[in-house]
Amino acid sequence: MEPSWCGSVVRSTPQSPAFQSLQEDCARKLVLAAVRKNGVELERAPPNLQRDPEVVLAAVSNMGVALEFASAELQSDRQVVLSAVAEDGDALWYAAPELRSDKEVVLTAVRSNGDALAHAHPDLQNDREIVLAAVAESPNASGTASNSKPIASSCCERSHLEAILSYTQQLVLKAERMVVSVAVEGASDVQCNVAAAAETS
């Protein structure tokens, strides 16, 4: 039931600017009350209220995926998106692309719902801290991360700790290969310099 103060405004029909302002204020308060109880009510809000930061923040704080119904401008608003993904990591899907590349936003999302890793920018799907946070929240989350299949299979068959150790070993091996590669390249350069010196002597 609508508040009595609102009903009296709605039932009146004056055309004055003051009345229009009261009517808009009434609508805003009704929408705020609705989205605080059920965030997805934002879908039925008029466009001007889908652009209203207070209304949208109230909606996504109640239900993160209500971000879907926010204006494009607010889907690009870092504070709004952080609130949304903190409530439900899947809201990351509706965030602007630049925020899906934001490490803090993605970390917040995967800590809320590990499966949100699938919605992150590919570069962050390979970020060790983010992958481990996602795995800690949801054992199957790492299956969505590129180049992270060993973690996914490990998590299905072994403990989280074993999966983390396996991933760490992969990183160490990769680092060792890089060191060896640099060393080989350095040795080749030295040999070339020695040969050049011998030719000129």
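The name given to the protein in an unreviewed UniProt entry is DUF4116 domain-containing protein, and the organism recorded there is Noctiluca scintillans.

(A) Structural view of the nonpolar core. One finds Leu 42, Leu 67, Leu 92 and Val 110 to be the most contacted residues of the largest nonpolar core, which totals 37 residues. Setting aside residues no more than four positions away along its own chain, Leu 42 makes contact with Val 35, Leu 49, Gln 50, Val 55, Val 56, Ala 59, Ala 66, Phe 69 and Ala 70.

(B) Summary view of the environment of Ser 83. You can see Ser 83 is positioned in helix H6 (residues 78–87). Ser 83 sits in the partly exposed class, given a relative accessible area of 23%. Residues Ser 83 and Leu 57, 26 residues apart in the sequence, show an inter-C-alpha distance of 7.2 Å. For Ser 83, the contacting residues outside a window of four places in its chain are Leu 57, Val 60 and Ser 61.

Cut-offs and rules
Residues numbered from 1 in each chain as written. Predicted model: local features only at pLDDT ≥ 70, side-chain atom pairs only at ≥ 80, totals over all residues. Heavy atoms only, no water. Core = buried A, V, L, I, M, F, W, Y, C linked by side-chain atoms within 4.5 Å. Buried < 20%, exposed > 50% of the residue type's maximum accessible area, 1.4 Å probe, protein only. Contact = heavy atoms within 4.5 Å. Helix = DSSP H or I, 4+ residues; strand = E, 2+ residues; numbered from the N terminus.

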